[in-house]
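Structure at a glance
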Amino acid sequence: MGGILSSLNTSYTGLVGHQVMVDTTSNNISNASDEFYSRKRVIAQPERPLVMHQGLIIGRGVDIPAIRRIHDDFVFDRYTKSGSEMAFFQNSFDFLREISAYFPDVEGVGIYNDLEAYFNAWKDVSKNSQDPAQKQVLAEATQVLTRNLRDTRTKLVNLQRQASENLETLINEANRLGSEIAQLNGKIKEMEDAKQYRQANELRDRRDQYEFHLIEIIGGRVYKNHLRTDSLLQARNADFDENYVMNIARGFNMVDGYTFHPIKLDKENNAEHLNRVYWHTYDFKDVDITDKLDEGKAGSLISLYNTGYKGTKIGHIQYYIDLLDTFAQGFMEATNAIYAQSAAKELIGEQVQFGRYEALKDTNYNFKNGSFDLMAYNTKGDVIATKRIYIDNVTTMHDIVRAINGNKDDNDDNNDINDFDDYFRAIFDPEVKQFVIESTNPREGIYVAIKDNGTNFTGAMGINKFLQGQSARDIRLHRDYEKDATQIRPWLTPTAGNFDVANMMQQLQYDKIDFFNKHTKQPFKMGINEFYQFAAGRIATDTEETQRTLDTKTSVFEATKKEHLSITQVSIDEEMVDLIKFQGGYAANAKVITTIDKMIDTLLSIKQP
């Protein structure tokens, strides 16, 4: 029932309510500098009124059912996604910018300049093929070029490994954040009551912070049920959810309520020892999600260093390594194909990785259909015997050796003792897997040479190499010429004044040659300088495109961040106005209590008759 004590209780609720409002405002001001703190608002509503027996309805003060944070989960979702996208391209750009520095487009600097010096050295040798000093200059120019190719590849490989190592740090951080979110979900569930709208505001703010950084690292989406909106509190407010699930890599739950599924790394299961990412399933099995993890900083690192392991995507760095290897391999094969035409006492190939009965076209070597010619020279430089060998889709080394050693009238003169097989014999050792053409009678001083007609047999087999190695990893001047540059053979035939090989080497810089990417099986036909410029240009283009995309993503991120903060961030000016208003309300309710106190004193001072 009503009365003076009811009036006292009414003012008391107002006093307590305004005290809560002052406390909440004070807390907002204290956390104003925290980006992930959502400003709080006190929900105040009239107490249930009192109905008098006369039918009068009298209010009983104010009720504080909840303190709620101002938060729009839809805007926050856009904010986290834009942050993840910006982090992806920022990380990619940082690595690509460093890679582009390995391929300087500056006159007098870099591999392109080394190529020019190398071909100029061959030009000088062709002018004076007997001068040992010119051969020494050629050897030095070749060593500089090949060393820079090796060094550039080493830098790319080191950067690839660095990206893989960086992923370890990120995944450890992602697992820590995921575990923290799962624990927070458990605490939030314990503290909150959806029916009474009791909300664990600070825990939700902390979860938002962890969620933002986790998605920035690893990408993914968060799904929540029963999300509520309240336009009476704030025009843009969507909060208070249930059943929290964080999904990564397009289908794998890292956090499911308060259950956490960690991500694992393994780099011992591949030859390059680069990290692969695995999701730990409910039944304790590991699923490879490396290729599916394509967002955030982690996705950026994987898109950079991934090697194409077991048919997965090839990352940027691996693609550039493949281009450099393709360039070095094509350059070596074209160079060695020319140099193999220089007459020598024997022809010796490199060790290969296939057997004598394996079809050459089925190997991982760049053999083509066609033919090559073998020439035998006497000491005067005259051709005394020739033999043409054909390669088709089913040709094996056994077939080639049998064709070379076959007793055939190669010269068509009905003389069976002056053909190529009478001077030289071919051997392919099945154990060593090495091809050799050696003289049947070394004391005769007969020379042998090989001219390729488009099969790339000399290049693929590494016969009488000027350059040795398999790729940019190990390309170098042949060890014999590193020791003694005067042994370089600039001639086609062993006669004085012949420098045809040096001339062909000069011309090579203008010719279209075959490049073959062993990783992607992609063929190219370009000039040597043209292919190198293509590779360097691809890196520059990727870097520029990434920078442009980064600029766009940064603008989007700044816009969504501004939108998010406009909803959740504390405004000091607004809070100070509220503080003055709530202070006034508190003082007014205190004044009412003082007045009621005097009324009670007056009532108690009335004497009984």
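Residues numbered from 1 in each chain as written. Predicted model: local features only at pLDDT ≥ 70, side-chain atom pairs only at ≥ 80, totals over all residues. Heavy atoms only, no water.

1. Here we look at the overall build of the chain
When helices and strands are counted, the chain shows 14 helices and 23 strands. At 40 Å, the chain has a C-alpha radius of gyration far larger than the 25 Å of a compact globule built from 609 residues. Dimensions of the chain, computed from the C-alpha atoms along their principal axes, are close to 160 × 50 × 30 Å. For the chain, buried positions account for 48% of its 609 residues. Here the chain holds 71 positive side-chain charges and 89 negative ones, and the gap between their average locations is 5 Å. (Helix = DSSP H or I, 4+ residues; strand = E, 2+ residues; numbered from the N terminus. Rg over C-alpha atoms; globule rule 2.2 N^0.38 Å. Buried < 20%, exposed > 50% of the residue type's maximum accessible area, 1.4 Å probe, protein only. Lys, Arg positive; Asp, Glu negative; His and termini not counted. Charge placed at Lys NZ, Arg CZ, Asp CG, Glu CD.)

2. A word on the environment of Ile-572
With respect to the helices and strands, the residue Ile-572 is situated in helix α14 (residues 572–605). Taking the relative accessible area as the measure of exposure, Ile-572 reaches 37% and is therefore partly exposed. Sequence separation between Ile-572 and Ile-606 is 34 residues, and the spatial gap between their C-alpha atoms is 51 Å. Leave out the neighbours within four places in its chain, and Ile-572 touches Ile-29 and Ala-32. (Contact = heavy atoms within 4.5 Å.)

3. Brief notes about helix α4 (residues 132–191)
Its 60 residues place the ends of α4 88 Å apart at the C-alpha level, agreeing with the 88 Å of an ideal helix rising 1.5 Å per residue. The opening residue of α4, the one whose side-chain oxygen lies 3.0 Å from the backbone nitrogen of Ala-133, is Asp-131. (Expected span 1.5 Å × (residues − 1). Polar contact = N/O pair within 3.5 Å; in protein donor to acceptor, adjacent residues only side chain to side chain.)

4. Considering the packing of helix α3 (residues 111–127) against helix α12 (residues 500–508)
For the pair α3 and α12, interaxial distance at closest approach is 8 Å and the crossing angle is 155°. As the angle between them shows, α3 and α12 are arranged roughly antiparallel. The hand of the α3/α12 crossing is left-handed. Residue-level inspection shows Tyr-118, Phe-119, Trp-122, Lys-123, Val-125 and Ser-126 of α3 in contact with α12, the latter providing Ala-502, Asn-503, Met-505, Gln-506 and Leu-508. (Axes fitted to C-alpha atoms, helices over the stretch in contact; angles between N-to-C directions. Parallel < 35°, antiparallel > 145°, perpendicular 65-115°, else oblique. Left-handed = near helix turned anticlockwise from the far one by under 90°.)

5. Overview of the sheet that holds strand β10 (residues 259–260)
Spatial strand order, β5-β8-β9-β10: 4 strands in an open sheet with antiparallel pairing. The open sheet is flanked by β5 (221–225) and β10, the only strands paired with a single partner. Here β5 pairs with strand β8 (residues 242–248) via 4 bridges, running antiparallel. Within the sheet, the bridge partner assigned to Arg-221 lies in β8 and is Asn-247. The strands that helix α5 (residues 201–218) touches are β5, β8 and β9 (252–256); relative to β8, the one it contacts most, it runs at about 20°. (Pairing = 2+ DSSP bridges.)

6. Considering the side chain of Gln-509
Inspection of the secondary structure assignment puts Gln-509 in the loop between α12 and β22 (513–517). A relative accessible area of 17% places Gln-509 in the buried class. Polar side-chain contacts of Gln-509 include one of 3.1 Å to the backbone oxygen of Gln-506. Aside from chain neighbours lying at most four places away, what touches Gln-509 is Phe-119 and Asn-529.

7. Thoughts on the confidence of the model for the chain
When pLDDT is averaged along the chain, the result is 89; 95% of the residues meet or exceed 70. For the chain, the element scoring lowest by mean pLDDT is strand β7 (residues 238–239), at 54; strand β21 (residues 476–477) scores highest, at 96. (pLDDT = per-residue confidence, 0-100.)

8. Observations concerning the nonpolar core
Grouped together as the largest cluster of nonpolar side chains are 91 residues, with contacts concentrated most on Ile-218 and Phe-466. In terms of residue count, the dominant contributor to this core is α4 (18 residues). Setting aside chain neighbours within four positions, we find Ile-218 in contact with Ile-171, Ala-174, Ile-248, Ile-263, Leu-293, Glu-295 and Ala-298. Counting 31 residues, the second largest nonpolar core, distinct from the first, contains Val-401, Tyr-423, Ile-450 and Phe-457. (Core = buried A, V, L, I, M, F, W, Y, C linked by side-chain atoms within 4.5 Å.)

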